[in-house]
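Reading the structure
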Amino acid sequence: MALKLAIVGRPNVGKSTLFNRLAGRKLAIVDDRPGVTRDRRFGTGRIGDIDLELIDTAGFEDVTDESLEARMRNQTERAVDECDVALFVIDAREGVTPADRIFAEILRKRDKPVVLAANKAEGRQGDAGILDAWSLGLGEPVPISAEHGEGMADLYAAVAAHAADEEELEEDEEDDPGKPIRIAIVGRPNAGKSTLVNRLIGEDRLLTGPEAGITRDAIPVDWEWDGRRVRLVDTAGLRRKAKVQEKLEKLSTHDTIRAITFAEVVLLVMDATHPFEIQDLQIADLVEREGRALVFVLAKWDLIEDQQARLSEIVEEAHRLLPQVKGSPIVALSAETGRGLERLMPAVLKAHGYWSTKVKTRDLNDWLRMAVERHPPPAVNGRRVKPKYMAQTKARPPTFVLFASRADQLPDHYRRYLVNSLRESFDLPGVPIRLTVKSNKNPFAEGEEKSGSGPTRAQPSAAKTGLAARTRREAAAKAEAGAAERPKPKKPGKPKPKAGAPRGRAAKLARPGVKPKRASRPSSTRRTPR
């Protein structure tokens, strides 16, 4: 059984860095500024031979009003109540502060095992803070460095002392081997994503409020609905790329995109008063390119007056603006009042079922024959592309391969026709479909090339790298250089006439053995007429 360990302390003492160190990977966002972590973040880790269930918490603030810091404090106190051991982290370089003393008093009243860790203790700058930590009355402080991994052996010894009691308890039964459905909840800032998660699970698990941008990390929440395991991932709001300037917001955006990549179904939460803005369309296009099932959620539906007419307009607008995900379910609800919430999970499971569809090869080829008869592919350069065979290579999302002649010349509009016909014929509304077109090779021609029995033998392809290629290039360069230096031979031609030499008829008469015409007849002899 894993030991549930809550990492607590005041802001900017290195809790998230220690969380990532124990988890073995960078799960939580880390930055130099205080107050980066706001919600409780759960993760699994290991220290030595002890399995851990980690809880990263927000920095403790001594406030009790209705502000955001007070709500963050309530989340931290809930983590302390849920955990088996509380890991209290202080900054060894700054020493014990009044906020540390107040929180240490709260931990003593909770009656929970506490391990005191003095972080940032590398070098000699933290020696005074380590000695000062004895005054908290929580036992011997453990000097560690979460950034550099120092002191992990001492921390293991301190945690193992409290884990010995947990090992005596019987282990719980193993979970259902079936993996949970991973659902990512995305949208613009202040669209009501965290409120929706809290309403679904029935508790105030995530921070909510009128402020925009409260959520920064992608927070996974395990849940069970109607006997099925579900993992909800609440994400930070996505703004337009031109408006994202701060480093912290860039990290949050990257975490949200990562959550979309690893999700199976994505809930795009939009404000019902102004849905399908440019940013909503870009998020939906990103989900389609990632190949995830998409469900549109119209939050704050209680603010709409003429709901039926407005819903028809929104459905028509979705089909017009996003034809690539035509047929995706649209659920209108109010997370604040819970109205319409019962329609969300059935729509999610239905979209997940479509996304996992597998089609038989025989049915695919029967459909392909009818699709080609209904609309034959156009001729390109006077020659027609002939589709021959089709098969499904994988699901999630449905991916198909079409074998055809001259596949590289199949027009895009005909490819879109095949995808839309697939979606309509096999009842796959809103599912991203991948279609790859390939040319099937002639196996007999390939065999002739290998055996050399064909009319022409295939020449071995010249390597482009390696010693042989370099030697061949050097020889070619030397040959070119030698050809450039060698004088060109003169072509035999007619000799040029010398200066003063006779030309034309006179030159012809000057040749030996050539007599002029009528040379035997004297020029003075004249014929006398008879």
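Please refer to the structure placed before this passage.
Residues numbered from 1 in each chain as written. Predicted model: local features only at pLDDT ≥ 70, side-chain atom pairs only at ≥ 80, totals over all residues. Heavy atoms only, no water.

1. A closer look at unusual backbone geometry
The cut-off we apply is this: Helix and strand assignments follow DSSP, with helices taken as H or I runs no shorter than four residues and strands as E runs no shorter than two, numbered in order from the N terminus. Throughout this description, buried means an accessible area under 20% of the type-specific maximum (1.4 Å probe, protein chains only), exposed means over 50%, and partly exposed covers the range between.
Of note, the bond from R396 into P397 is cis; its omega dihedral lies within 30 degrees of zero at -5 degrees. With respect to the element layout, P397 can be found in the loop between β15 (387-394) and β16 (399-404). The phi angle at K120 is positive, at roughly 60 degrees, despite the residue not being glycine. Among the structural elements, K120 can be located in the loop between β5 (114-119) and α4 (127-132). Exposure remark for K120: the relative accessible area of 24% places this residue in the partly exposed category. Phi at K300 takes a positive value of approximately 60 degrees, unusual for a residue other than glycine.

2. Topic: the sheet that holds strand β7 (residues 181-187)
For clarity, the threshold we go by: Should DSSP find at least two bridges between two strands, the strands are taken to pair. Helix axes use the C-alpha atoms of the stretch in contact, all axes being lines fitted to C-alpha atoms, and the angles between their N-to-C directions lie in the range 0 to 180 degrees.
Strand order in the open sheet formed by 6 strands is β8-β9-β7-β10-β11-β12, and the pairing between neighbours is mixed. Where the open sheet ends on each side, the last strands, each with one partner, are β8 (219-225) and β12 (330-332). Here the strands of the sheet are splayed against their neighbours by 25 degrees on average, with no regard to which way each runs. Where β7 and strand β10 (residues 265-271) come together, 5 bridges link them in parallel fashion. What sits directly across from I183, in β10, is V265.

3. A short note on the nonpolar core
Stated formally: Throughout this description, the term nonpolar core refers to a set of buried Ala, Val, Leu, Ile, Met, Phe, Trp, Tyr and Cys residues connected via side-chain atoms within 4.5 Å. Note on definitions: a residue-residue contact is assigned when non-hydrogen atoms from the two residues lie within 4.5 Å.
Residues I183, L196, L232, L267, L344, M390 and F400 are the most contacted members of the largest nonpolar core, which totals 55 residues. Ranked by residue count, the leading element in this core is helix α10 (residues 344-355), at 7 residues. With residues up to four places along the chain from it excluded, the contact list for M390 reads T361, L364, N365, W367, L368, F400, V401, L402, L422 and L435. L5, L22, V142 and V159 belong to the second largest nonpolar core, which has 26 residues in total.

4. Concerning helix α3 (residues 98-110)
Stated precisely, the cut-off is as follows: Working rule for helices: expected span equals 1.5 Å times residues minus one. Throughout, the arc means the angular range of directions from the helix axis out to the C-beta atoms.
Between its first and last C-alpha atoms α3 spans 19 Å; for 13 residues at 1.5 Å apiece the expected length is 18 Å, and the two agree. Of the positions making up α3, those classed as buried are D100, F103, A104, I106 and L107. The arc enclosing the buried residues of α3, seen along the axis, measures out at 160 degrees, which places them on a common side. In α3, the exposed residues that point more than 90 degrees away from the buried face are P98 and K109.

5. What to know about a negative patch on the surface
Stated formally: Within the patch definition used here, like charges are joined within 9 Å and nonpolar side chains (Val, Leu, Ile, Met, Phe, Trp, Tyr) within 5 Å, considering only residues with over 30% relative accessible area and no salt bridge. Calculation of accessible area relied on Shrake-Rupley with a 1.4 Å probe; when residues are assessed, cover is drawn exclusively from the protein chains displayed. Between Lys or Arg on one side and Asp or Glu on the other, a salt bridge is scored when a side-chain nitrogen of the former is within 4 Å of a carboxyl oxygen of the latter. Charge assignment in this entry is limited to Lys and Arg as positive and Asp and Glu as negative, and neither His nor the chain termini are counted. Charge coordinates come from a single atom per side chain, which is NZ of Lys, CZ of Arg, CG of Asp or CD of Glu.
On the surface, E61, D65, E66 and E69 cluster together into a negatively charged patch. A residue is classified by how much of its surface remains accessible, and D65, at 46% relative accessible area, is partly exposed.

6. Overview of the packing of aromatic side chains
The relation between two aromatic rings is expressed through the spacing of the ring centres and the mutual angle of the planes. Rule in force here: Any two rings among Phe, Tyr and Trp, with Trp reduced to its six-membered ring, count as a pair given centres within 6.5 Å; such a pair is stacked if its planes are under 30 degrees apart, edge-to-face if over 60, and tilted if neither.
Tallied over the full model, the rule gives 6 aromatic pairs. Ring centres 4.5 Å apart and planes at 35 degrees place the aromatic pair F60 and F103 in the tilted group. Of the two residues, F60 is situated in the loop between β3 (50-56) and α2 (68-82) and F103 in helix α3; the sequence distance between them amounts to 43 residues. Residue class for F60 comes out buried when judged on its relative accessible area of 2%.

7. A look at the packing of helix α7 (residues 247-261) against helix α8 (residues 278-290)
The test is simple: The scheme is simple: roughly parallel for angles under 35 degrees, roughly antiparallel for over 145, roughly perpendicular for 65 to 115, oblique for anything else. Less than a right angle of anticlockwise turn of the near helix away from the far helix marks a crossing as left-handed, whereas a clockwise turn marks it as right-handed.
It is at 10 Å that the axes of α7 and α8 come closest, and there the two elements cross at 45 degrees. By the angle class used here, α7 and α8 are oblique. Classified by chirality, the crossing of α8 by α7 is right-handed. For the pair α7 and α8, the contacting residues are I257, I260 and T261 in the first and L286, V287 and E290 in the second.

8. Brief notes about the sheet that holds β3
Ordered in space as β2-β3-β1-β4-β5-β6, the 6 strands form an open sheet in which the pairing is mixed. Of all strands in the sheet, those with a lone pairing partner are β2 (41-47) and β6 (142-143), marking the two edges. Where strand β1 (residues 3-8) meets strand β4 (residues 85-91), 4 bridges bridge the pair, whose relative direction is parallel. If you follow A6 over to β4, its bridge partner there is A86. Where α3 meets the sheet, it contacts β1, β4 and β5, and its direction lies at approximately 170 degrees from that of β4.

9. Some words on the pairing of strand β9 (residues 228-234)
Relative to β9, β7 runs parallel, the two sharing 5 bridges. Along β9, the bridge assignment pairs I183 with L232. By the bridge criterion, 7 bridges tie β8 to β9 in an arrangement that is antiparallel. The residue of β9 that forms the bridge with I219 is D234. Two successive antiparallel strands, β8 and β9, enclose a turn made up of 2 residues, where D226 displays a positive phi of approximately 55 degrees.

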